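Observations on chain architecture
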Amino acid sequence: MHIQLVDIHKRFGAVHANRGISLSVGAGTIHGVLGENGAGKSTLMKIVAGFLPKTSGEIRLDGEAVSYRGPADATRRGIGMLYQDPLDFPALTVLENFRFGLETAGRDPRALLADLAGRFGFDLPPDRVVERLTVGERQQLEILRLVARNVRTLILDEPTTGISATQKDVLFAALRRLADEGRSVILVSHKLEDVQVLCDRVTVLREGRVAGEAERPLRTNDLLGLMFGTVPHPPPRCENPAGTPVLRLDGVSAPGGRAGLRDCTVAIRRGEVVGLAGVEGSGQGVFLRVAAGMVRPRRGRVLFEDAPLGRRAAAGRVAFLPTDRLGEGLVPGLTVREHFVLRLPRVPFLLDRATAGPDARAGIDRLSIRGTPGTPVEALSGGNQQRLLLALLPERPAVLLLENPTRGLDLESAHGVWRELQRYCDAGTALVFSSPELDEILLAADRILVFHNGRMVLDTPASRTTPDELARAIAGLGTGAAA
Amino acid sequence: MNGMELTTLLAAVVAGAAPVIFAAVGETVTERAGLINLSLDGSILLGAMAGFAAALYTGSVAAGFAAAAAVGAVVAAVVAVTGVYLGQSQVAVGFVLTLTCRDLAYFLGNPLSRVPGPQVSPLPVPGLADLPGVGEVLFRHNLVVYASIALVPVAWLLLYRTRWGLAVRAVGEHPAAAYARGVDPRRVQLACAVVGGLLVGLAGAAFSLAVKPGWGRPQGAEGMGWIALALVIFGGWHPAKVAVGAYLFSLLQVVGIPLQALLPSVPTQVFQVAPFPLMIFTLWLIHLTRSEAVERWAGDRAWAWRLVHALRASAPRALGKPLSRE
């Protein structure tokens with residue numbers, strides 16, 4: 001199917017998210033839509049998929065101008081979308097998710113699902129509840145469902161966020177297969193490498209407009225230039241000799257996540273940057289929460305500076321930044337200033353604008369947060385929320401635990417966060433972070449722990465490992481004795 | 001207590017639970033679609049009054065039930081339209097409707113107070129009614145009680161084994177996802193509110209035409225709506241478990257009478273009030289299954305693990321949160 005977008009505008013109240021976007025996607029091609037956060041990619045794709053109405057402009061499918069009343073109209077015309085926040089039903093089973101809204105024309109949905117899953121090489125138990133699947137498996141299910149509905153154009157919004165490298169390979173193979181069958185694929189991403197590997201043609205969006213287009217071969221610097229105007233520099237690495245052990249886990253098992261954490265023994269040293277790798281939910285999240293004293297281990301001990309870690313024992317010395325910034329880190333509805341008030345050792349009874357106002361202003365300046373002390377935190381962009389969380393940290397933590405600190409951030413914001421983190425590292429703070437991106441871990445960490453199914457299967461200096469070895473460990477293929 | 005008394009007692013439990021089952025299963029259907037109809041307590045009274053009045057003036061019990069169902073459906077439709085289409089708070093609208101319907105029922109029903117009227121006649125099931133034990137407990141009732149028993153498997157079947165039920169549960173979980181698949185979540189929620197409201201109205205008529213025939217102030221159904229709302233949570237939004245709760249509540253009410261005879265020193269009010277705190281205690285026990293400590297304890301015991309997981313339930317994820325498109 002040939003899709004043409006002509007001068008699409010979309011306004012949300014005062015916000016002008018799409019400002020006259022025109023682009024064209026050929027049949028049987030994989031087309032990339034690239035841009036940093038807030039460039040208007042998701043909005044544009046939701047318009048194409050019929051989920052949002054456009055303010056003005058025209059959508060032409062195979063030359064015919066169309067208008068939709070809802071996503072069902074778009075699906076009927078052969079356009080299906082994999083949304084960034086998955087639009088599925090976590091409490092229902094795989095089969096129920098698959099069959100809901102599907103016209104199977106008399107075919108048994110269970111057989112149809114098994115058939116399609118086999119064709120794409122996906123392994124999806126039909127009676128498992130979807131919330132027990134990984135993000136990658138949930139995507140696979142959505143793809144099968146859309147293929148069963150016979151979509152001729154598949155839109156994927158940031159599909160590589162939160163899935164493992166192995167799952168990414170499976171996904172990309174499936175997308176190439178769809179393109180070979182003559183379907184069009186539109187891949188929306190802020191990650192250059194995804195687009196470079198997969199796409200025939202790329203449209204780069206910046207601030208709601210088309211910044212430019214590029215065709216194979218897609219050169220990194222050309223794309224970065226279109227995305228940002230200039231090419232951002234990667235952050236400096238922290239070069240610190242590791243000091244004495246500060247946090248020790250001794251035979252720790254704890255519940256949580258998909259697999260929990262099983263029998264983990266490790267010592268974190270001062271000034272060290274430790275990257276936690278593994279498929280989402282393999283134990284990294286539980287590890288961080290146990291180390292932060294938020295989850296009590298079922299077995300084993302956690303020692304901070306040789307004393308058992310209690311709820312208060314390490315107050316202000318061990319800090320944890322969760323991945324769900326608005327859900328666990330910040331308080332939606334409160335302003336930046338109010339967050340600084342909450343941090344005061346003693347909060348006065350009467351709060352006025354002066355309470356913690358100077359602190360807030362200093363924090364905003366120090367981390368160049370785009371916002372004012374009166375801005376509600378949910379109005380900040382993801383990168384600015386992460387910087388605010390950093391600004392709220394205690395002065396000199398001994399251990400800083402970060403769960404996927406650059407989740408959903410574009411390259412520039414991610415580098416900004418890392419530049420700030422290096423400052424902590426230089427001051428002797430031990431950084432422990434998890435990330436779904438091997439590249440990020442290899443770039444920032446000087447020691448890497450790999451988790452598989454709740455167990456730590458590899459503990460290696462970053463300088464003495466290879467992406468290949470890490471990928472094998474993540475997939476649970478083992479490195480000799482650890483298998 | 002001998003066998004004779006036990007079957008009589010159980011028969012009373014089955015009969016007394018009928019209206020609560022109508023109301024609680026009705027609310028289960030509504031809440032499964034993600035809508036909270038808080039007006040139950042008032043709707044039941046208004047349904048009871050309207051059902052009795054219609055039956056009295058037409059001489060037909062069936063007309064009474066029809067009128068009561070219509071009243072329940074209209075009240076529920078108000079909650080759905082204001083909550084889902086007009087974006088008002090379902091809790092606020094439902095609560096105001098509770099009070100309005102209750103006062104309206106007493107005001108409009110004033111002339112009917114203590115007037116004798118028609119009631120549902122008993123209909124023993126031929127053959128089955130003479131079975132020893134079971135016959136008296138299950139098969140010597142009226143159509144209303146039989147319908148309440150049948151409602152539970154029917155509701156379960158519709159919710160869990162049909163295309164409609166899948167749509168209802170899907171909308172209650174994630175309305176935006178249902179919308180993306182071509183199902184209008186607002187229409188599903190309105191339909192479920194009306195179906196649930198019909199059942200709530202029937203619960204009212206089951207009181208005034210069968211369980212406690214007649215109309216008066218107090219009518220005897222006061223507070224039942226709140227119990228039904230609590231039972232929906234207690235039963236984890238599952239019709240069968242909700243029904244178990246309804247029978248348990250009915251049992252607590254019925255055993256008060258023989259207990260009172262056995263323990264004359266205890267004031268009678270204790271037995272009248274006891275079911276309510278006991279319900280709260282049960283809800284707390286159910287809630288315990290979600291705690292980490294219980295999970296840990298049950299982890300090593302297969303039977304406890306199964307029990308904990310059977311009791312555990314979570315609310316429809318979008319309960320009270322209708323569709324919004326960012």
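For the structure, see preceding data.
Our subject in this report is the structure included herewith. Fair warning: this is a prediction, and the values are worked out from it, not measured in the lab.

Moving on, we get to the overall build of chain A. Helix and strand counts for chain A stand at 16 helices and 20 strands. Against the 2.2 N^0.38 benchmark of 23 Å for 483 residues, chain A shows a C-alpha radius of gyration of 24 Å, consistent with a compact globule. Within chain A, the proportion of its 483 residues that are buried is 52%. Expressed as a percentage of contacts within chain A between residues at least 6 apart in sequence, the contacts between residues at least 24 apart total 66%. Total accessible area computed for chain A in this model is approximately 21100 Å², and 49% of it derives from carbon and sulfur atoms. Computed over 61 positive and 56 negative side-chain charges, the inter-centroid distance for chain A is 3 Å.

So, about the packing of helix α7 (residues 163-173) of chain B against helix α9 (residues 185-211) of chain B. Helix-helix packing: each pair is described by the crossing angle between the helix axes and the interaxial distance. Residue and element names in this part refer to chain B. Close contact between α7 and α9 brings their axes to 10 Å; oriented N to C, the two are set at 110°. Considering their axes alone, α7 and α9 lie roughly perpendicular with respect to each other. The two elements α7 and α9 cross, and the hand of that crossing is left-handed. Of α9, the residues touching α7 (which contributes A167, V168 and V171) are P185, V188, Q189 and C192. Looking at the contact of α7 with α9, its residues break down into six nonpolar, one polar and no charged.

In this section: the pairing of strand β12 (residues 261-269) of chain A. Each regular strand carries side chains that alternate between the two faces of the sheet. Residue and element names in this part refer to chain A. As defined by bridge partners, strand β11 (residues 245-254) adjoins β12 across six bridges and the pair is classed as antiparallel. The residue bridging A254 from the neighbouring strand is L261, located in β12. In textbook terms, the turn of a hairpin is the stretch between consecutive antiparallel strands, and for β11 and β12 this stretch comprises six residues, one of which, G256, has a positive phi near 130°.

For the rest of this paragraph, the subject is the pattern of salt bridges. Residues and elements named next belong to chain A. Scanning the model with the defined rule gives 32 salt bridges over all chains in all. Among the ionic pairs, R138 bridges to D88, the shortest N-O distance being 2.9 Å. Of the two residues, R138 is situated in helix α5 (residues 135-148) and D88 in the loop between β6 (79-82) and α3 (94-99); the sequence distance between them amounts to 50 residues. Here R138 and D88 have matching classes, each one buried. Between E272 and R447 there is a salt bridge, with its nearest N and O atoms 3.1 Å apart. With E272 in the loop between β12 and β13 (273-277) and R447 in strand β19 (residues 447-452), the pair connects residues that are 175 residues apart, well separated along the chain. Look at R447 and you get buried, because its relative accessible area is 8%. Each member of the salt-bridge network shares a partner with another, and the members are R119, R177, E181 and R183.

The next subject is the sheet that holds strand β1 (residues 3-12) of chain A. Residue and element names in this part refer to chain A. The strand order across the open sheet built from four strands is β2-β1-β4-β5, with neighbouring strands paired in antiparallel fashion. In this open sheet, the two edge strands, each paired with only one partner strand, are β2 (15-25) and β5 (64-66). Geometrically, the sheet is characterised by an average inter-axis angle of 30° between neighbouring strands, direction not taken into account. In the sheet, β1 pairs with β2 via eight bridges, with the strands oriented antiparallel.

With that out of the way, let us pick up the nonpolar core. The biggest cluster of nonpolar side chains holds 60 residues, and the ones touching the most others in it are I21(B), F22(B), M49(B), V144(B), L209(B), W215(B) and L231(B). Those residues in contact with W215(B) that lie beyond four places of it in its chain are L45(B), A48(B), M49(B), F52(B), A105(B), Y106(B), G109(B), L112(B), S113(B) and R114(B). In terms of nonpolar packing, the next biggest core, distinct from the first, is built from 49 residues, V25(A), A49(A), L61(A) and V183(B) among them.

The next thing to look at is the sheet that holds strand β9 (residues 201-206) of chain A. All names here are of chain A. Pairing is mixed in the open sheet, where six strands are placed in the order β6-β7-β8-β3-β9-β10. Looking at strand neighbours, the two that pair on one side only are β6 and β10 (209-215), the edges of this open sheet. Adjacent strand axes in the sheet meet at a mean angle of 20° when their direction is disregarded. Note that strand β3 (residues 30-34) and β9 share four bridges and pair parallel. Pairing of H31 across the sheet is with R201, part of β9.

Residue and element names in this part refer to chain A. You can see T43 is positioned in helix α1 (residues 41-48). Taking the C-alpha atoms as reference points, T43 and N18, separated by 25 residues in sequence, lie 7.4 Å from one another. Excluding residues within four positions of it along the chain, T43 makes contact with K10, F12, A17, N18 and L52.

So, about the environment of I59(A). All names here are of chain A. Structurally, the position occupied by I59 is in strand β4 (residues 56-61). Among the residues examined, I59 registers a relative accessible area of 2% and is labelled buried. Sequence separation between I59 and A398 is 339 residues; the distance between their C-alpha atoms is 55 Å. The residues contacting I59, other than those within four sequence positions of it, are Q4, L5, I8, I47, V48, K54, E64, A65, V66 and Y68.

What counts and how
- Residues numbered from 1 in each chain as written.
- Chains lettered and ligands numbered in written order.
- Predicted model: local features only at pLDDT ≥ 70, side-chain atom pairs only at ≥ 80, totals over all residues.
- Heavy atoms only, no water.
- Helix = DSSP H or I, 4+ residues; strand = E, 2+ residues; numbered from the N terminus.
- Rg over C-alpha atoms; globule rule 2.2 N^0.38 Å.
- Buried < 20%, exposed > 50% of the residue type's maximum accessible area, 1.4 Å probe, protein only.
- Contact = heavy atoms within 4.5 Å.
- Areas by Shrake-Rupley, 256 points an atom, 1.4 Å probe, with all protein chains shown as cover.
- Lys, Arg positive; Asp, Glu negative; His and termini not counted.
- Charge placed at Lys NZ, Arg CZ, Asp CG, Glu CD.
- Axes fitted to C-alpha atoms, helices over the stretch in contact; angles between N-to-C directions.
- Parallel < 35°, antiparallel > 145°, perpendicular 65-115°, else oblique.
- Left-handed = near helix turned anticlockwise from the far one by under 90°.
- Nonpolar A, V, L, I, M, F, W, Y, C, P; charged D, E, K, R; others polar.
- Pairing = 2+ DSSP bridges.
- Salt bridge = Lys/Arg side-chain N within 4 Å of Asp/Glu carboxyl O.
- Core = buried A, V, L, I, M, F, W, Y, C linked by side-chain atoms within 4.5 Å.

The values are spatial; any link to function lies outside them.
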